[in-house]
Amino acid sequence: KFYPKLTWSSPQDAAWVSSNFPDRMKCQTTGEIFLLLKSSDFIQYDLNHAYKNVVSSDSVDQPLQPTLTLRKWSGLHPAREFRCLVYDSKLVAICQRNVREYYEYLNEDMHRDSIRDSIKLFFENRIGPMYDGSHYTVDIYVDKSERAW
């Protein structure tokens, strides 16, 4: 059981073509992988227009060599995935990664504060000290026991 990802994007926008309900991104055959990749606008953009808005760069002259990654499937709940924004090496924002759904319980003070504290602690101990960049985004998963990954 795998989750496909191509260079920069995963074919999340094509999950509707999958018959693997409720785990639409889970693939067990090469046919399922190809179906998701061929049906995804995200993947098509990466393959055909990746450098469309680049004004100048040495890397534009180099042809794009996409990489297909098959990650081992794990049933992560989308409500527990968070995108974190880092500016000047400081964690400045945390938002829900799944913008297609609203999870009301995440807005309750108890959950919100616990999740925020878990993410801040994880960032301070694991991400911040190990990454040299000053402006970046990082995705963090917080499990049901409020432990960040």
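Reading the values: rules and limits
Sequence order as written defines residue numbering, which begins from 1 separately in each chain. Under the rules for a predicted model, residues below a pLDDT of 70 receive no local features and side-chain atom pairs below 80 are neither given nor counted, while totals for whole chains, interfaces and linings still include all residues. As a convention, hydrogens and water are excluded, and side-chain values are obtained from all of the structure's heavy atoms. Ring geometry is summarised as follows: Phe, Tyr and Trp rings, the Trp one being its six-membered ring, pair when their centres sit within 6.5 Å, and such pairs are stacked at plane angles under 30 degrees, edge-to-face over 60 and tilted between the two. For the exposure calls, accessible area comes from a 1.4 Å probe over protein chains only, and a residue counts as buried if that area is under 20% of its type's maximum, exposed if over 50%, partly exposed in between. Patches here: salt-bridge-free residues with over 30% relative accessible area, like charges joined within 9 Å, nonpolar side chains (Val, Leu, Ile, Met, Phe, Trp, Tyr) joined within 5 Å. With residues, only the protein chains shown are counted as cover, and all accessible areas are computed by Shrake-Rupley using a 1.4 Å probe. Between Lys or Arg on one side and Asp or Glu on the other, a salt bridge is scored when a side-chain nitrogen of the former is within 4 Å of a carboxyl oxygen of the latter. Counting from the N terminus, the helices are DSSP H or I runs at least four residues long and the strands are E runs at least two residues long. Note on pairing: DSSP must find at least two bridges between two strands before they are called paired. Here, axes are lines fitted to C-alpha atoms. For helices the fit covers the stretch in contact, and angles between N-to-C directions go from 0 to 180 degrees. Within this analysis, the arc is defined by the directions that extend from the helix axis to the C-beta atoms. The criterion used for residue contact is that any of the two residues' heavy atoms lie within 4.5 Å.

**Q** What's the story with the packing of aromatic side chains in this structure? I'm lost.
**A** Any pair of aromatic rings gets described here by the distance separating the centres and the angle formed by the planes. Under the criterion given, the structure shown has two aromatic pairs. Seen from their ring centres, Tyr-131 and Tyr-136 are 4.2 Å apart, and the 65° between their planes marks the pair as edge-to-face. Judged by its relative accessible area of 45%, Tyr-131 falls in the partly exposed class.

**Q** I would appreciate a short explanation of a nonpolar patch on the surface in the present structure.
**A** Together, Phe-2, Leu-68 and Leu-70 line one region of the surface with nonpolar side chains, adding up to about 250 Å² of accessible area. Looking at where Leu-68 falls in the secondary structure, it is placed in strand S2 (residues 68-72).

**Q** What should I look at first to understand unusual backbone geometry in this one?
**A** Generally, phi is negative for residues other than glycine and the peptide bonds are trans, each holding for most cases. You will see that Thr-7, though not glycine, has its phi angle at about 40°, which is positive. The residue Thr-7 is located in the loop between strand S1 (2-6) and helix H1 (30-39) in this model. A positive phi angle, near 50°, is found at Asp-88, a position not held by glycine. Along the chain, the position of Asp-88 falls in the loop between strand S3 (81-87) and strand S4 (90-96).

**Q** Is there a simple way to explain the sheet that holds S4 in this structure?
**A** The sheet built from three strands is open, its strands ordered S4-S3-S5 with antiparallel pairing. Bordering the open sheet on either side are S4 and strand S5 (136-141), each of which pairs with just one other strand. For this sheet, the mean angle separating the axes of adjacent strands, direction not counted, is 30°.

**Q** Which parts of the structure should I look at to understand H1?
**A** Looking at H1, one finds that the buried residues are Ile-33, Leu-36 and Leu-37. One face of H1 carries all of its buried residues, which in axial projection span an arc of 95°.

**Q** I would appreciate a short explanation of the environment of Arg-97 in the present structure.
**A** Its location among the elements puts Arg-97 in the loop between S4 and helix H3 (109-127). Sequence separation between Arg-97 and Thr-69 is 28 residues, and the spatial gap between their C-alpha atoms is 21 Å. Leaving out residues up to four positions away in the same chain, Arg-97 has contacts with Gln-12, Glu-81, Phe-82, Arg-83 and Asp-139.

**Q** Help me out: how do you make sense of the pattern of salt bridges in this one?
**A** Side chains that carry opposite charge are capable of pairing whenever their charged atoms lie near each other. In the structure shown here, the tally under the stated rule is six salt bridges. In this structure, the salt-bridge partner of Glu-146 is Arg-80, at a minimum N-O distance of 3.3 Å. Separated by 66 residues along the polypeptide, Glu-146 in the segment after S5 and Arg-80 in the loop between S2 and S3 bring together distant segments of the chain. Glu-146 sits in the buried class, given a relative accessible area of 17%. Where Arg-97 meets Asp-139, a salt bridge forms, and the shortest distance between an N and an O atom there is 2.7 Å. Of the two residues, Arg-97 is situated in the loop between S4 and H3 and Asp-139 in strand S5; the sequence distance between them amounts to 42 residues. Among the residues examined, Arg-97 registers a relative accessible area of 28% and is labelled partly exposed. Connected through shared salt-bridge partners, Arg-83, Arg-97 and Asp-139 make up one network.

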